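# An overview of the molecular structure
One-letter residues, chain by chain:
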Amino acid sequence: MNETEFDQKLGKYADVVVRVGLNLRKGQRLLIRGILEDAPLIRKVTESAYKAGAVFVDVLYTDERLNRIRLEHADPESLTDVPGWLYARYEEYYERMDADLAISSTDPDLLTGISPERIAKYRKAIMQKMEPLRKYENTTNWCVVSTASPAWSKKVFPELSTKEAQEKLWEEIFAGCRIDMPDPVDAWKKHVTNLKKYRDYLNDQRFAALHYIAPGTDLMIGLPEKHLWAGAQAEFKNGITGIPNLPTEEVFTTPHKDKVHGTVLSTRPLSYMGALIEDFSLTFENGRAVKVAAKTGEETLRKLIETDENACRLGEAALVPHSSPIGQRGILFYNTLFDENAACHIALGNSYRETIIGGEDMTEEEFNASGGNKSLVHTDFMIGSDQLDIDGIKTNDSRVPLLRAGEWAMDV
Amino acid sequence: MSSNETHQQMLAKYAEVIVKIGLNLRAGQPLSIRTPTHTSALVREIARVAYQKGASLVDVLWSDDGVSRARAEFAPRDSHDEYPVWQVDGMLKIIEKGGAMLTIVAVDPDLLNGLDTGFVGKLQQAQLKNFDPVRTIVMRNAINWCVVAAYGSAWARKVFPDFKPAQAEEKLWQAIFESTRVTEPDPIAAWDRHIQNLRKRSDYLQAKKYSALSYKSPGTDFSLGLPPGHKWVGGNSLAENGIVFTANMPTEEIFTLPDRHRAEGTVAATFPLSYGGNLIEDFSLTFENGCIVKVNAGKNQSILQQLVDTDEGSTRLGEVSLVPASSPIGKRGYLFYNTLFDENASCHIAIGRAYRFTLIGGEELTDEEFMSAGGNISLNHVDFMIGSGKMDIDGIKDDGTREPVMRSGEWAFDV
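Here the structure is a predicted model, which means the values were calculated and not measured. (Residues numbered from 1 in each chain as written. Chains lettered and ligands numbered in written order. Predicted model: local features only at pLDDT ≥ 70, side-chain atom pairs only at ≥ 80, totals over all residues. Heavy atoms only, no water.)

### Some thoughts on the overall build of chain B
Scanning chain B from N- to C-terminus turns up 11 helices and 20 strands. With the C-alpha coordinates aligned to their principal axes, the bounding extent of chain B is approximately 60 × 50 × 45 Å. Put simply, 75% of the contacts in chain B that link residues at least 6 apart link residues at least 24 apart. Summing over all exposed atoms, chain B offers an accessible surface of approximately 15,700 Å²; the carbon and sulfur share of this is 49%. (Helix = DSSP H or I, 4+ residues; strand = E, 2+ residues; numbered from the N terminus. Contact = heavy atoms within 4.5 Å. Areas by Shrake-Rupley, 256 points an atom, 1.4 Å probe, with all protein chains shown as cover.)

### Things to note about the overall build of chain A
Counting its regular elements, chain A contains 11 helices and 20 strands. Relative to the 2.2 N^0.38 estimate, which gives 22 Å for 412 residues, the radius of gyration of chain A is 20 Å and therefore close to what a compact globule would have. When the backbone C-alpha atoms are referred to their principal axes, chain A occupies close to 55 × 50 × 45 Å. When contacts within chain A are restricted to residue pairs at least 6 apart in sequence, long-range pairs at least 24 apart make up 74% of them. One finds the centroid of the 50 positive side-chain charges in chain A at a distance of 2 Å from the centroid of its 64 negative side-chain charges. (Rg over C-alpha atoms; globule rule 2.2 N^0.38 Å. Lys, Arg positive; Asp, Glu negative; His and termini not counted. Charge placed at Lys NZ, Arg CZ, Asp CG, Glu CD.)

### Observations regarding the sheet that holds strand β17 (residues 381-385) of chain B
All names here are of chain B. The 5 strands lie next to each other as β7-β10-β15-β16-β17, forming an open sheet whose pairing is antiparallel. For this open sheet the edge positions go to β7 (233-234) and β17, each flanked by a neighbour on one side alone. In the sheet, strand β15 (residues 317-322) pairs with strand β16 (residues 348-352) via 4 bridges, with the strands oriented antiparallel. Paired with Val-320 across the strands is Ile-349, a residue of β16. (Pairing = 2+ DSSP bridges.)

### As for the domain arrangement of chain B
Residues and elements named next belong to chain B. Its domain assignment divides chain B into domain 1 (3-179) and domain 2 (205-232 + 251-411). Distance from the C-alpha centre of domain 1 to the C-alpha centre of domain 2: 24 Å. If you look at the interface, domain 1 gives 34 residues, while domain 2 gives 27 residues. Taken over both partners, the interface formed by domain 1 and domain 2 buries close to 2,600 Å², and the fraction arising from carbon and sulfur atoms is 59%. Contact with domain 2 buries surface across domain 1, with Pro-109, Met-139 and Ser-179 losing the most and accounting together for 22% of the total. For the interface between domain 1 and domain 2, the tally reads 2 salt bridges. Here Glu-178 and Arg-332 are joined by a salt bridge, their closest N and O atoms 3.1 Å apart. (Domains from an automatic or database assignment. Buried area = accessible area lost by both parts, 1.4 Å probe. Salt bridge = Lys/Arg side-chain N within 4 Å of Asp/Glu carboxyl O.)

### A closer look at the interface of chain A and chain B
Contact residues are listed per partner, giving 33 residues for chain A and 28 residues for chain B. Counting the surface lost from both chain A and chain B, the interface buries some 2,900 Å², and carbon and sulfur atoms represent 65% of this. Here chain A and chain B share 5 salt bridges between them. On inspection of chain A and its partner chain B, the count reaches 9 residue pairs in polar contact (both at pLDDT 80 or more). Looking at the side of chain A that touches chain B, the elements that each hand over two or more residues are α2 (39-51), β2 (56-62), α3 (64-73) and α4 (85-95) of chain A. If one sorts the elements of the side of chain A that touches chain B by residue count, α2 of chain A sits on top with 7 residues. (Polar contact = N/O pair within 3.5 Å; in protein donor to acceptor, adjacent residues only side chain to side chain.)

### Some thoughts on the environment of Asp-132 of chain B
You can see Asp-132 of chain B is positioned in helix α5 (residues 117-139). The residues contacting Asp-132 of chain B, other than those within four sequence positions of it, are Arg-353 and Leu-379 of chain B.

### Considerations on the nonpolar core
Of all hydrophobic cores here, the largest spans 210 residues; its most connected members are Tyr-13 and Tyr-212 of chain A. Top element by residues in this core is helix α1 (residues 4-23) of chain B. It accounts for 9 residues. For this core, the two domains that each supply at least three residues are domain 1 (3-179) and domain 2 (205-232 + 251-411) of chain B. Each residue touching Tyr-13 of chain A, except ones within four places of it in the same chain, is listed here: Leu-41, Val-145, Ser-146, Trp-170, Ile-173, Phe-174, Cys-177 and Ile-179 of chain A. If you look at the next biggest cluster of nonpolar residues, it comprises 43 residues, including Leu-128, Phe-222, Ala-269 and Leu-307 of chain B. (Core = buried A, V, L, I, M, F, W, Y, C linked by side-chain atoms within 4.5 Å. Buried < 20%, exposed > 50% of the residue type's maximum accessible area, 1.4 Å probe, protein only.)

### Considering the side chain of Asn-278 of chain B
Residue and element names in this part refer to chain B. Summarising the element assignment, Asn-278 is placed in strand β13 (residues 278-288). Taking the relative accessible area as the measure of exposure, Asn-278 reaches 3% and is therefore buried. In this structure Asn-278 touches Pro-109, Leu-112, Asn-113, Gly-114, Val-120, Leu-273, Asn-300 and Ile-303, once residues within four positions along its chain are discounted.

### Things to note about α5 of chain B
Because an α-helix completes one turn every 3.6 residues, residues spaced three or four positions apart along the sequence face the same direction. Residue and element names in this part refer to chain B. Between the first and last C-alpha of α5 there are merely 28 Å, a value that for 23 residues lags more than 12% behind the 33 Å anticipated at 1.5 Å per step. If you look at α5, its biggest bend is around 60°, right at Asp-132, and the proline Pro-133 turns up within four residues after that. Between the side-chain oxygen of the N-cap and the backbone nitrogen of Gly-118 there are 3.1 Å, and the N-cap of α5 in question is Asp-116. The positive-phi residue at the C-terminal boundary of α5 is Asn-141, with phi of around 55°. (Expected span 1.5 Å × (residues − 1). Bend = angle between axes of the 7 residues up to and from the residue.)

Encoded structure:
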């Protein structure tokens, strides 16, 4: 790709983000949050958003290196000091039903070598400060996308120079987001229609549980009676329909927080708060992870599930065929947005309200009683492979094959 | 700069001078930084030094020229009042918690060149109005604050148009490092000496209690009144929070406030003025009774007129500042298109608001009292350069006697 080609593709990508992902409406404001290295895309999105009629684009840049510097050099006691404007900014825009774009291009090794205690303390303070924003979940059209930042690219393609690695990762991002298609907007329409078929099939079946079998994995995930499969598109409370993740290949629902049993083995490393957790497994009893093991990062994994009372329970189960355009590439991305669309996954922590029928209007007690989980964290990790079989189990105990050898096993 | 490593070392030294001399940051203080995105290498060094000095939080608000330009170019023409109020609230919160403030300037002087000047002007007004609560606190020296510069590619290209980008970058950084004394063997000691020298000049002028200054140079025949109680300031300042800080780096100026009611004659700018992303060039202002009655500009006269029309205070002066033409920055002979540098290369005056601390007891006065004492109030404070090697300035005493203050752009008195 020469510079001009790249610039054109970046422009197309920005248009897809604004028109398909966010489906931005004239008169909305747009919040963007990204790291300094996301600037080339942020500028294009800003331009595209104004052309689509945005009245204001409010960009919040973060320098992730400064986070590391703070964790390294600041007085540990001061790490819980979270500036109040961070919360105020989101509240202000969510209250006005404005659009929200987050860019996820973090260096997976950013916090390597920093003590997990410091990281956990710092992270928890931020999560606690931001927790009340959960009430705005799916209120406004939001979207998460990525850019090929230098450090992340180098992590994915360590054998290449940083520049080459960025080029290669950009190619992956453009392919995964269907920017290479002659008409990306139309390609997205078709893709969404296809994903919806699987989502609707799963909703019609009303499964009571999902049974996962793979090497190292024998896991039974009970589903709440009122579980709802989501995916592809989301309808936000402000009346706009958009696609909250680009790329997206998953359909997902929530496990019942008390009805998960058995052991699951991860199939890809988990990058959590700048530290890598590798070759890990979790054993569940009555919904709680009662045993964890990891070849590396076990301490970080333990810190993660101890964040609060329910961080040890599951909040999401997502199905992605092994042959998804992202999975096909066989690349480990060290970035949830990409890795979660390459493989089946589950998430520790909070459940999305939209995955329980009527969940968005329930009180916390009602949501919990329905089987939904409430936690400060929501961390996906990958369990899919070409050796994964999943059965859907109905209330009468009959079984329906959903995935065989990692691929969809039902006709929709 | 012979290698990246030495450049990195210079950045680290620069960061140290900024935190220790500029801000004089104290343990436990949070620090708010406003800066463009391309300054990250410097900002990271500053954050490191600040945390090592015990800063409780370094809170950085990044601005992006690309995003600013996209707004000016593509945003709906009636959307100029949209403003991220959370930014101002966040800064006020840091100030409330006893924090310090740093601004890093590296803007592209031509950023908004060629764009709809009407819309750009309205954006500028919205910025001035919304940012006013912070500016008010800073301008009365309530806290320790500092403005410094960093390299920016567009800025370097503007200053050194005949050089390749890499050379222009090197030259601009070199100018920044030299003028902020970072190249001295012991930068901290060099600053201490420099601040003492500036103090001697300001003490001399303070003792004189001139009632007016009279300026003569090609295109300029102008006088301005100095109100009773005017205070000459230079080098460092004492903030209300008890911390002695140096508000600008570099700084070569001695300054005070003019009487808002007394300015007569015509003054010609000797440098272009970079305002809101546009350059105003070859301009002069004519005053009667302290008020601008005529503006003239070779380029961007309408932007100059917008500036003067902002509010009543923008038709009057709020600062008068003396800098010898041979100042380390002036003698480089470049135009920096950046107030922080150009104002330390040349005598200048400012349209708009006067600093409260340039009037004895000014911090305690109500707006009305401050104005009747001769202080000016405005949303603006815009410096422009009037000095040159051909400038003569006399101090005029109460009894009308004249004493030379500057001759041919140089100090005309010994201290």
